[in-house]
Amino acid sequence: MKTPKELKVKPIKNGTVIDHISANKALKVLKILELPSPETNVTLTMNVESSQMGSKDIVKIEGRELASREVDEIALIAPHATINIIRDYEIVGKGKVNLLDEINNILTCSNPNCITNTDEPVDTRFIVLNKDPLILRCYYCERILDQNDVETQFRLF
């Protein structure tokens, strides 16, 4: 009997690795980043074994570093994710996503009567009441959103 070979994903020269994404959330992370795209090489690994999380997803993006707004959005979907910046095959920066105490202009309020859903030029604003499990409150109408409400806004189809 042959010994199975361990397959490894090719390292990226320059770009970003998003690790410790909750299992089965990587596709939502790709949606946030508006990926895949024809000009960006993306490696996606889902449901891999993790000593810390049981299982996790990993996204590698060649030639792109994330904007702070993208990191803020990822924190809503994958609050335990780590972001690694890669240059010349070396990790030059590593950090964890941080869910802010207030979420501005990322989500939509689910209350159709909220002032943010009218023709008024009012940006959305949510106060984080609890980070785990995620519970948000609209600053204007006080509608409560939970993790499912947030993830619904990042649906793939």
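Structure: see above.
Since this is a predicted model, take the numbers as computed values, not measurements.

Chemist: Is there a simple way to explain the sheet that holds strand 6 (residues 102–104) in this structure?
Modeler: By way of backbone hydrogen bonds, the strands of a sheet pair with one another, either parallel or antiparallel. Spatially, four strands are ordered 6-7-8-9 in an open sheet, and the strand pairing comes out antiparallel. Of all strands in the sheet, those bounded by a partner on one side alone are strand 6 and strand 9 (144–146). Pairwise comparison of adjacent strand axes, ignoring direction, gives a mean angle of 30° for this sheet. In this structure, strand 8 (residues 134–138) lies alongside strand 9, joined through three bridges in antiparallel fashion. Of the residues in strand 9, the one forming a bridge with Leu-136 is Leu-145.

Chemist: What's the story with the pattern of salt bridges in this structure? I'm lost.
Modeler: Working definition: two side chains of opposite charge can pair if their charged atoms are close together. Evaluation of the coordinates by the stated rule reveals seven salt bridges. A salt bridge links Asp-19 to Lys-56; the shortest N-O distance between them is 3.0 Å. Residue Asp-19 is found in strand 1 (residues 15–22), and its partner Lys-56 is found in strand 3 (residues 54–62); the two are separated by 37 residues along the sequence. In terms of burial, Asp-19 and Lys-56 fall into one category: buried. When the shortest N-O distance is used, the salt bridge between Glu-151 and Lys-25 registers 2.4 Å. Here the residue Glu-151 occupies a position in helix 3 (residues 147–152), and Lys-25 occupies one in the loop between strand 1 and helix 1 (26–32), the gap between them amounting to 126 residues. A residue is classified by how much of its surface remains accessible, and Lys-25, at 17% relative accessible area, is buried.

Calculation notes
- Residues numbered from 1 in each chain as written.
- Predicted model: local features only at pLDDT ≥ 70, side-chain atom pairs only at ≥ 80, totals over all residues.
- Heavy atoms only, no water.
- Pairing = 2+ DSSP bridges.
- Helix = DSSP H or I, 4+ residues; strand = E, 2+ residues; numbered from the N terminus.
- Axes fitted to C-alpha atoms, helices over the stretch in contact; angles between N-to-C directions.
- Salt bridge = Lys/Arg side-chain N within 4 Å of Asp/Glu carboxyl O.
- Buried < 20%, exposed > 50% of the residue type's maximum accessible area, 1.4 Å probe, protein only.

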